[in-house]
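Here is what each chain is made of, one letter per residue.
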Amino acid sequence: MKLDFPQRKIIHVDMDAFYASVEQMDNPALKGRPLAVGGAEKRGVVSAASYEARKFGVRSAMSGYLAKKNCPDLIFVPPRFERYKEISLKIRNIFFDYTDLVEPLSLDEAYLDVTTNKKGNPSASLIAEEIRQRIFDEVGLTASAGISINKFLAKVASDYNKPNGQKTVNPEEVISFLENLEIRKFYGVGKVTADKMYHLGIFTGKDLKQKSVEFLRENFGKSGDYYYHVVRGIHNSEVKPNRIPKSVGAERTFDENLSSEVFMLQRLENIATELEKRLKKSKISGKTVTLKIKYSDFTLQTRSKTLPYYIADKSLILETTKELLYQEKLGNSVRLLGISLSNLNTEKNEPLEQKVLTVQLKFDL
C-alpha cells in the first residue's frame, strides 16, 4: 500500500541491558551471571538487570528484595553513573560520524535521522548494521536497532530482535506490520492503557484501526489522536538534536517508610540541594514546583504550584515544597519523595548549555 505522507529514514539504537552490560564488561567475573544494578537491601530498587537475571523475572524498577527472591543467585552492584555517561558519550560520537540529527532519549538509546547522511549511504539498514558493529568493536558492547520511516516505527522495531539484532520495517510493510502488532507493543501504550484497550476489544493494531477518532478521544482523551494516527503509520515528529527537557527533578527512595512531616522535611532539603545543583549546572530555572509522593502502598500523588517568576534557588524551591507538603494531610506513610521544576526558561529559548538532562534515581544504600 502506498503511503501518502512524509517518509524519513530513521534508526532507533537501543543498547542491550546497558548498565548491567557495562558492569559485566568492566568485571569479566560477572559475565554470564545474573546481575542487577541497584540496591539489594529491603528498600533497594533495581536500576537495570542483565539478560541472565531477566530470565528469572528480574526487571528494572523492581524492589531489590523481590528481585533476590525471584533469583537467589542474583549479584547486586551499585550504579556508577559517571562511567555510564562516559561510555554513552563514546557511543554518541559514533552516531555523529553518520549524521548530526541525533536525538538522545537517555544514556542508552537515541534516534538518528539518516535520510541524508554523511556517508552518502542510501540504505538505513546497512548504516544501522555498521553502527552496531562499530559499537561492538570500539566500545565492547552490543546494541539493537529498529529502522523505519518514522520515530514511532523505529522505536517499536528496535525491540523485535533484542539483544544484538535489528529489524527494518520498509514503507510497503508498514500497514501490515502495524495491523498485526500486539497492542501492548505499541510505544506509548503502558500496562494500564493496554488493559483498558483489552476491555474495549482492542488487542491488535487492526482492532485499533477499526475505532473512530471520536471513539478513541472519548476513551483516551488527547492520546486518542495519537493512537488514531500511529496505527496508520503517521508520526511526523522530527528527530530533534537539541532535545530540550520539559522538567528537571530529583527524587529519593527511603530505607524505611516515613510517617512524620518533620523527617520528610529533612529529606526534602537534601533533594532540593541536589535539584539546585542540576539547575545551576545547566543554567535552568522554572516557575512550576511539583512535589511527588509515593506512599507505602505504592500509590502516587503529585502536588504543584506555579509561581509568577522563575526560580532555581534551593531556599525558594524548598519554601514552595513545604507549602505543598502541608497542603493536605498525607494519606499513608511515605516511601519516596521527589521535587521537580517545570515551566522552564528553556521553553522561551533562553540560553541553555546542556539541552538533554538525564536525571537518575537516587538510592539510600
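Treat the numbers as computed from the prediction; the structure is a model and nothing was measured.

Rules used in this analysis
- Residues numbered from 1 in each chain as written.
- Predicted model: local features only at pLDDT ≥ 70, side-chain atom pairs only at ≥ 80, totals over all residues.
- Heavy atoms only, no water.
- Pairing = 2+ DSSP bridges.
- Helix = DSSP H or I, 4+ residues; strand = E, 2+ residues; numbered from the N terminus.
- Axes fitted to C-alpha atoms, helices over the stretch in contact; angles between N-to-C directions.
- Domains from an automatic or database assignment.
- Phe/Tyr/Trp six-rings, centres within 6.5 Å; stacked < 30°, edge-to-face > 60°.
- Buried < 20%, exposed > 50% of the residue type's maximum accessible area, 1.4 Å probe, protein only.
- Contact = heavy atoms within 4.5 Å.
- UniProt positions renumbered as here; feature names shortened; annotations may be inferred.
- Polar contact = N/O pair within 3.5 Å; in protein donor to acceptor, adjacent residues only side chain to side chain.
- Salt bridge = Lys/Arg side-chain N within 4 Å of Asp/Glu carboxyl O.

**Q** Which residues make up the sheet that holds strand β1 (residues 10-15), and what values do they have?
**A** Overall, mixed pairing links the five strands, which are arranged β5-β6-β1-β7-β8 in an open sheet. Two strands in the sheet have a free side with no partner beyond their single neighbour: β5 (102-106) and β8 (166-168). Here the strands of the sheet are splayed against their neighbours by 15° on average, with no regard to which way each runs. Note that β1 and strand β7 (residues 143-148) share six bridges and pair antiparallel.

**Q** An account of the domain arrangement of the protein chain is requested, with residue identities and associated values reported.
**A** According to the domain assignment, the protein chain consists of domain 1 (1-169), domain 2 (175-243) and domain 3 (247-344). Placing a centre on the C-alpha atoms of domain 1 and another on those of domain 3 gives a separation of 30 Å.

**Q** A description of the packing of aromatic side chains should follow, citing residues and the corresponding values.
**A** Going through the model one piece at a time under the given rule, you end up with eleven aromatic pairs. Ring centres 5.8 Å apart and planes at 75° place the aromatic pair Y19 and F81 in the edge-to-face group. Placement of the pair is Y19 in helix α1 (residues 18-26) and F81 in helix α4 (residues 81-95), with a sequence separation of 62 residues. The exposure class assigned to Y19 is buried, which follows from its relative accessible area of 13%. Given a relative accessible area of 18%, F81 falls into the buried group.

**Q** Tell me about the environment of A272, and name the residues and values.
**A** Along the polypeptide, A272 turns up in helix α12 (residues 261-281). Along the backbone, A272 and A312 are 40 residues apart, and their C-alpha atoms lie at a distance of 9.8 Å. Non-local contacts of A272, meaning those with residues more than four positions away in its chain, are made with K314, I317, L318 and I339.

**Q** Talk me through the UniProt feature "active site" (unreviewed entry) in the protein chain; I want residue IDs and the actual numbers.
**A** In this structure's numbering, the residues bearing the UniProt feature "active site" (unreviewed entry) are E109. Inspection of the secondary structure puts E109 in strand β6 (residues 109-113). E109 gets classed as buried once you look at its relative accessible area, which sits at 16%. In terms of polar contacts, E109 uses its side chain to reach the side chain of H12, at 2.7 Å.

**Q** Describe in detail the pattern of salt bridges, supporting the description with residues and values.
**A** Within this structure, the stated rule accounts for 22 salt bridges. Of the charged contacts in the structure, one is a salt bridge between R134 and D97, with a shortest N-O distance of 2.8 Å. With R134 in helix α5 (residues 124-138) and D97 in the loop between α4 and β5, this pair connects stretches of sequence that are 37 residues apart. Across the pair K209 and E179 runs a salt bridge, and its minimum N-O distance is 3.2 Å.

**Q** So, unusual backbone geometry: which residues are in play, and what are the values?
**A** Note the cis peptide between K162 and P163, where omega equals -10°. Relative to the helices and strands, P163 is located in the loop between α6 (151-157) and β8. Positive phi is not limited to glycine here, since A17 has a value of about 45°. Relative to the helices and strands, A17 is located in the loop between β1 and α1. Residue A17 is classed as buried on the basis of its relative accessible area of 7%. The backbone of F298 sits at a positive phi, close to 75°, despite the residue not being glycine. For F298, the position within the fold is in the loop between β10 (286-295) and β11 (300-311). According to the relative accessible area criterion, F298 is exposed, its value standing at 52%.

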